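Understanding the architecture of this molecule
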Amino acid sequence: MKLTAEKDIADKIAAARAKLAVAEPRPASPFAALGAAALAATAAVVMAGVVVIGPGVRFDEPAATYVP
């Protein structure tokens, strides 16, 4: 009886392995790398803009230095 149960389990495992589909990895796309680089560059520019023109930054008028 134990032999029959083991064979049944082995058959089920073999059937499950046969159903597994091996997914082929897609080749790396140069457009994905370009998009990631563009996103990183945009984020860097935005962060630099926030630092330069952030809260507490003032642009005072320069003093008049013209003497005729």
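The structure contained in this document is the topic of the report that follows. Every chain begins its residue count from 1, and numbering advances along the sequence as written. Local features in this predicted model are restricted to residues whose pLDDT is 70 or higher, and side-chain atom pairs enter the listing and the counts only when it is 80 or higher, whereas totals over whole chains, interfaces and linings include all residues. Side-chain metrics rest on all non-hydrogen atoms present in the structure, leaving aside hydrogens and water.

Quick word on the overall build of the chain
To keep things clear, this is the line we draw: Every helix listed is a DSSP run of H or I at least four residues long, and every strand listed is a run of E at least two residues long, numbered separately from the N terminus. For the exposure calls, accessible area comes from a 1.4 Å probe over protein chains only, and a residue counts as buried if that area is under 20% of its type's maximum, exposed if over 50%, partly exposed in between. Per-residue and other accessible areas follow the Shrake-Rupley method at a 1.4 Å probe size, with only the shown protein chains counted as cover for residues.
Across its full length, the chain holds two helices and zero strands. The proportion of buried residues among the 68 residues of the chain is 1%. Per element, the accessible surface of the chain, about 6900 Å² overall, is 70% carbon and sulfur.

Points about the pattern of salt bridges
Using the following cut-off: Any Lys or Arg side-chain nitrogen located within 4 Å of an Asp or Glu carboxyl oxygen qualifies as a salt bridge.
A full pass over the atoms with the stated rule returns one salt bridge. Salt-bridge contacts for Asp8 lead to Lys12; the nearest nitrogen and oxygen are separated by 3.8 Å. Here Asp8 pairs with Lys12, and both are found in helix α1 (residues 2–19), just four residues apart, close to one helical turn. You can call Asp8 partly exposed: its relative accessible area is 38%. Using a relative accessible area of 55% as the deciding quantity, one classes Lys12 as exposed.

Such coordinate-based values are descriptive only and should not be taken to indicate function.
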